[in-house]
Amino acid sequence: MTPPRQLDARAKPESHSWVAHIALSLLLAAVWLLLRQSVALVDLIWAVVLGLVVPRLVFGFIGPAAGPRGLARIVRFAGIVLWDIVVSNITVARIVLNPWSKPRPAWVPVHLDTHHPTAVTLLATVITTTPGTVSCVVDDEKWVIHVHALDCDDPAEMAAQIKQRYERPLREIFE
């Protein structure tokens with residue numbers, strides 16, 4: 001009978017390499033060059049060093065990178081969120097600037113299907129980032145986010161829309 005395999009602190013997962021997060025590495029390098037506003041050799045060297053070292057240092061916190069399928073979902077989700085932010089800005093501006101508007105504020109409970117902490121955190125952040133809504137309470141025992149909406153005719157419909165537009169894609173990404 002062989003003893004159970006002991007975890008070696010020095011053993012690294014296969015995906016833990018110097019380029020495990022290539023997108024993050026490229027983003028960090030690009031941001032460094034933009035902040036420095038230079039493509040001098042020394043700045044290029046620092047961009048490469050930061051792009052390689054930082055993702056390796058934080059690998060334990062962020063885990064393995066999303067694959068191509070996950071990356072496509074992330075990009076699609078980001079596009080939906082950005083579109084909704086633009087549309088919501090216009091809607092809120094109409095409500096605020098129109099002296100005859102009669103907004104109907106409402107509290108909207110959104111019962112969550114996901115229990116992934118990062119997905120719940122991102123969902124609350126997206127809700128708050130979208131003008132006209134604020135996620136006020138995240139109940140992680142009952143798995144409900146209480147959202148305050150500036151103008152809402154039908155709270156049940158708004159909850160269904162939040163679940164369909166934001167929670168479902170987040171579940172696809174994180175679960």
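From a predicted model like this one, the values you see are computed outputs, not experimental measurements.

A.B. asks: Could you give an account of unusual backbone geometry, with specific residues and numbers?
C.D. replies: Positive phi is not limited to glycine here, since Gln37 has a value of about 50°. Mapped onto the fold, Gln37 is located in the loop between α1 (22-36) and α2 (41-57). Looking at Gln37, the relative accessible area reads 73%, which means it is exposed. Even without being glycine, Trp143 reaches a positive phi, approximately 55°. Note on placement: Trp143 falls in the loop between β2 (133-139) and β3 (144-149).

A.B. asks: Lay out the packing of helix α5 (residues 117-129) against helix α6 (residues 155-174) with the relevant residues and their values.
C.D. replies: Here α5 crosses α6 at 145°, and the two axes come no closer than 10 Å. α5 and α6 meet at a crossing whose hand is right-handed. Two secondary-structure elements touch here, α5 through Thr118, Ala119, Leu122, Leu123, Val126 and Ile127 and α6 through Ile162, Tyr166, Glu167, Leu170 and Phe174. Of the residues assigned to the contact of α5 with α6, the class counts are nine nonpolar, one polar and one charged.

A.B. asks: Lay out the nonpolar core with the relevant residues and their values.
C.D. replies: Ranked by size, the top nonpolar core spans 22 residues in total, and within it Val108, Val110, Leu123, Ile145, Val147, Ile162 and Tyr166 carry the most contacts. Elements supplying a minimum of two residues to this core: α4 (68-97), β1 (106-111), α5, β3 and α6. Ranked by residue count, the leading element in this core is α5, at six residues. Residues in contact with Val108, not counting those within four places in the same chain, are Ile145, His146, Val147, Ala149, Cys152, Pro155, Met158 and Ala159.

A.B. asks: So what's going on with the side chain of Thr133? Which residues, and what values?
C.D. replies: Structurally, Thr133 can be placed in strand β2. A residue is classified by how much of its surface remains accessible, and Thr133, at 13% relative accessible area, is buried. At 3.1 Å, the side chain of Thr133 and the backbone oxygen of Thr130 are in polar contact. If we ignore the near neighbours within four places in the chain, the residues touching Thr133 are Ile127, Thr128, Val147, His148, Ala149 and Met158.

A.B. asks: Could you give me a rundown of the packing of aromatic side chains, with the residues and numbers involved?
C.D. replies: This structure, assessed with the given rule, holds one aromatic pair. On the numbers, 6.4 Å between centres and 85° between planes, the contact of Phe77 with Tyr166 is edge-to-face. Residue Phe77 is located in helix α4, and its partner Tyr166 is located in helix α6; the two are separated by 89 residues in the primary sequence. Owing to a relative accessible area of 7%, Tyr166 belongs among the buried residues under this scheme.

A.B. asks: Now, about the side chain of Ser25: what can you tell me, with residues and values included?
C.D. replies: When you line up the elements, Ser25 lands in helix α1. For Ser25, a relative accessible area of 6% translates into the label buried. Discounting chain neighbours no more than four positions away, the residues touching Ser25 are Gly51 and Pro55.

A.B. asks: Before we move on, could you go through the packing of α1 against α2 and cite the residues and values that matter?
C.D. replies: At their nearest, the axes of α1 and α2 sit 8 Å apart, and the two run at 145° to each other. Crossing geometry of α1 relative to α2 is assigned as right-handed. Packed against α1, whose contacting residues are Leu24, Ser25, Leu28, Ala29, Trp32, Leu33 and Arg36, the element α2 presents Asp43, Leu44, Trp46, Ala47, Leu50, Gly51, Val54 and Pro55 at the interface. Partitioned by chemical class, the residues of the contact of α1 with α2 number eleven nonpolar, two polar and two charged.

Conventions used here
- Residues numbered from 1 in each chain as written.
- Predicted model: local features only at pLDDT ≥ 70, side-chain atom pairs only at ≥ 80, totals over all residues.
- Heavy atoms only, no water.
- Helix = DSSP H or I, 4+ residues; strand = E, 2+ residues; numbered from the N terminus.
- Buried < 20%, exposed > 50% of the residue type's maximum accessible area, 1.4 Å probe, protein only.
- Axes fitted to C-alpha atoms, helices over the stretch in contact; angles between N-to-C directions.
- Left-handed = near helix turned anticlockwise from the far one by under 90°.
- Contact = heavy atoms within 4.5 Å.
- Nonpolar A, V, L, I, M, F, W, Y, C, P; charged D, E, K, R; others polar.
- Core = buried A, V, L, I, M, F, W, Y, C linked by side-chain atoms within 4.5 Å.
- Polar contact = N/O pair within 3.5 Å; in protein donor to acceptor, adjacent residues only side chain to side chain.
- Phe/Tyr/Trp six-rings, centres within 6.5 Å; stacked < 30°, edge-to-face > 60°.

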